[in-house]
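Residues per chain are reported as follows:
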Amino acid sequence: MTTALPPTSREVRLATVPDGLPRSEHFTVVRTPLPTPGPGQVLVRNRYFLVFPGLRTLIGGEVDGLPLPALRAGDVLFGPAVGEVVAAPAGSPLRVGDTVSHLLGWREYALADAAGCTPLDDTLPDPVAHLSPGSAAYGALTRLSEVRAGDTVFVTGAAGAVGSLAGQIARLLGAGRVIGSTGSPGKAERLVSELGYDAVVLRGAEPVADQLARLAPEGIDVLLDNVAGEQLVAALGAARQGARFALVGALSGQMSPDRAGGSAPVEIDAFRLLAKGVSLRGYSGADHPEAAAEWTGRFGDWLRSGEIRFPHVRIPGIDRAPRALQDMIGGRHFGAVVVEL
């Protein structure tokens with residue numbers, strides 16, 4: 001039996017471009033007529049969408065070099081989503097009832113190009129796990145840092161969506177000691193008790209370099225950096241000979257109220273890079289397209305065996321999505337932030 005579709009759908013729009021960090025009042029939830037799919041399109045009822053730090057950059061407008069457009073006042077937000085196809089024209093490669101992922105989150109119903117939707121199977125035990133950004137951590141640790149047995153690994157921003165998986169992945173790849181960083185004592189405790197981190201640098205307690213020197217007295221072999229700034233400098237100071245650094249994010253600049261989200265200046269010692277033979281590379285999933293599928297397969301196996309957890313919080317209702325973004329920027333959540341519709 002076909003379920004009747006509603007005449008309207010709700011979506012989150014940027015009401016005004018903020019001067020500084022976005023807050024919930026900079027967004028509005030509006031109701032619009034439900035679209036009808038044309039040739040090559042499908043209508044998807046979104047079930048979950050990801051709240052992710054990159055929106056800060058898109059809203060700030062500093063998108064040079066990025067594959068995504070800036071968000072202007074009146075634009076609908078977008079991002080990774082999982083939903084169910086509820087309407088598809090004849091001849092579509094997708095069928096009503098298919099579960100798919102796509103990039104048109106932040107709305108209840110998405111009119112999407114069928115070619116831009118990825119059909120999902122049961123590789124992952126929970127559909128929401130497809131919104132995990134763990135592919136970036138996995139790709140960086142396997143393609144750039146190439147974690148080896150016994151390595152000491154430092155993960156900055158360890159309580160975020162990427163970092164909360166990165167430490168677990170590093171351990172599964174053979175790391176001997178895993179150190180994280182966060183700005184909250186409560187999160188630090190959870191990183192150790194729930195996610196298997198050996199120790200945690202607490203941002204703001206004392207200089208990061210001093211803490212890292214104490215927690216890794218023999219130095220670090222691998223850096224998975226989500227933050228940049230002071231923590232990248234400290235990691236370089238602690239680097240062992242031949243250390244491998246992978247840069248995945250730059251939250252120190254992205255979440256700064258004094259910047260627009262597209263820069264994170266940091267002064268590092270180039271002489272130390274040379275003397276220690278440190279490799280320093282930024283990770284882009286587009287450069288390693290095979291890593292995503294490899295990650296999904298291993299993620300599914302690890303989830304089913306209980307070897308890995310997917311830390312995330314589910315925020316119910318599209319009306320709460322703007323506040324969820326504000327709270328994520330403010331560091332109030334642990335792991336990934338997902339809006340459930």
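Per chain, the residues get numbers from 1 upward, laid out in the order the sequence is written. Local features are withheld for residues below a pLDDT of 70 in this predicted model, meaning they are given only at 70 or higher, and side-chain atom pairs are given and counted only at 80 or more; totals for whole chains, interfaces and linings count all residues. Only hydrogens and water are removed before side-chain values are computed, so all heavy atoms of the structure are retained for them.

Asks: What should I look at first to understand the sheet that holds strand β11 (residues 220-225) in this one?
Replies: What holds strands together in a sheet is hydrogen bonding between their backbones, with the strands either parallel or antiparallel. Two strands pair if DSSP finds at least two bridges between them. Secondary structure elements follow DSSP: runs of H or I of four or more residues count as helices, runs of E of two or more count as strands, with numbering from the N terminus. Pairing within the open sheet is parallel, and its six strands lie in the order β10-β9-β8-β11-β12-β13. Of all strands in the sheet, those with a lone pairing partner are β10 (199-202) and β13 (279-282), marking the two edges. Each adjacent strand pair in this sheet contributes to an overall mean axis angle of 15°, direction not counted. Judged from the four bridges that link them, strand β9 (residues 177-182) and β10 form a sheet pairing that is parallel. By the bridge assignment, Thr-182 is partnered in β10 with Leu-202. Pairs of residues are marked as contacts when any of their non-hydrogen atoms sit within 4.5 Å. Axis lines are fitted through C-alpha atoms, for helices just across the contact stretch, and the angle between N-to-C directions can take any value from 0 to 180 degrees. Across the sheet, helix α4 (residues 185-193) touches β9 and β10, and the angle it forms with β10 is around 165°. Strand contacts of helix α6 (residues 229-237): β8 (152-155), β9, β11, β12 (239-247) and β13, with the helix running at about 155° to β12, the strand carrying the most contacts.

Asks: In this structure, what is going on with the pattern of salt bridges? I would like to understand it.
Replies: Counted as salt bridges are all cases of a side-chain nitrogen of Lys or Arg within 4 Å of a carboxyl oxygen of Asp or Glu. Tallied over the full model, the rule gives 16 salt bridges. Across the salt bridge formed by Arg-13 and Glu-11, the nearest N and O atoms sit 2.8 Å from each other. Asp-151 is the salt-bridge partner of Arg-244, the closest N and O atoms lying 2.7 Å from each other. Here Arg-244 is found in strand β12, whereas its partner Asp-151 is found in the loop between α2 (134-144) and β8, with 93 residues between them in sequence. Only protein chains enter the accessibility calculation, which uses a 1.4 Å probe; a residue is then buried when its area is under 20% of its type maximum, exposed when over 50%, and partly exposed in between. By relative accessible area, Arg-244 is classed as buried at 8%.

Asks: Looking at this structure, how should I read the nonpolar core?
Replies: A general tendency of soluble globular proteins is for nonpolar side chains to be buried together. For this analysis, a nonpolar core means a set of buried residues of the types Ala, Val, Leu, Ile, Met, Phe, Trp, Tyr and Cys, connected via side-chain atoms within 4.5 Å. Grouped together as the largest cluster of nonpolar side chains are 68 residues, with contacts concentrated most on Trp-106 and Leu-325. Formed by 20 residues, the second largest nonpolar core is a distinct cluster that contains Phe-154, Ala-216, Ile-220 and Leu-223.

Asks: For this particular structure, what's the right way to read the pairing of β9?
Replies: With five of six residues buried, β9 lies mostly within the body of the structure. Pairing of β8 with β9, which is carried by four bridges, proceeds in the parallel orientation. Counted as the bridge partner of Phe-154 is Ile-179 from β9. Handedness of the β-α-β unit built from β8, helix α3 (residues 163-172) and β9 comes out right-handed. Crossovers are described as right-handed under a simple rule: with the strands pointing away from the observer, the path leading from the first strand over the helix to the second runs clockwise. Once the chain exits β9 it traverses α4 before rejoining the sheet at β10, and the crossover so formed is right-handed.

Asks: How do you make sense of the packing of α2 against α3 when you look at a structure like this?
Replies: Each pair of packed helices gets described by two things: the angle between the helix axes and the distance between those axes. Contact geometry of α2 with α3 gives a least axis separation of 9 Å together with a crossing angle of 40°. Between α2 and α3, the angle is such that the two are oblique. Judged by the twist between their axes, the crossing of α2 over α3 is right-handed. Contacts from Gly-134, Ala-137, Tyr-138 and Leu-141 in α2 reach Leu-165, Ala-166, Ile-169 and Ala-170 in α3. Our angle categories are set so that under 35 degrees counts as roughly parallel, over 145 as roughly antiparallel, 65 to 115 as roughly perpendicular, and the remainder as oblique. Each helix crossing is assigned a hand: it is left-handed if the near helix lies turned anticlockwise from the far helix by less than a right angle, otherwise right-handed if that turn is clockwise.

Asks: Before we go on, may I ask you to explain a nonpolar patch on the surface in this structure?
Replies: Within the patch definition used here, like charges are joined within 9 Å and nonpolar side chains (Val, Leu, Ile, Met, Phe, Trp, Tyr) within 5 Å, considering only residues with over 30% relative accessible area and no salt bridge. Each accessible area is a Shrake-Rupley result for a 1.4 Å probe, and residues are judged covered by the shown protein chains and nothing else. Among the surface-exposed residues, Val-233, Val-266, Ile-268 and Leu-280 lie close enough to one another that they form a single nonpolar patch of about 240 Å² accessible area. As for its placement among the helices and strands, Val-233 is situated in helix α6.

Asks: Looking at this structure, how should I read unusual backbone geometry?
Replies: Both trends apply: most residues other than glycine have a negative phi, and most peptide bonds are in trans. A positive phi angle, near 45°, is found at Glu-146, a position not held by glycine. Position of Glu-146 among the secondary structure elements: in the loop between α2 and β8. By relative accessible area, Glu-146 is classed as partly exposed at 42%. One non-glycine residue, Ala-228, lies in the positive phi region at around 70°.

Asks: Please clarify how the side chain of Ser-92 should be interpreted in this entry.
Replies: Mapping Ser-92 onto the fold places it in the loop between β4 (81-87) and β5 (99-102). Look at Ser-92 and you get buried, because its relative accessible area is 18%. With sequence-adjacent residues up to four places away left out, Ser-92 is seen in contact with Val-42 and Ala-114.

Distances and angles like these do not, on their own, reveal function.
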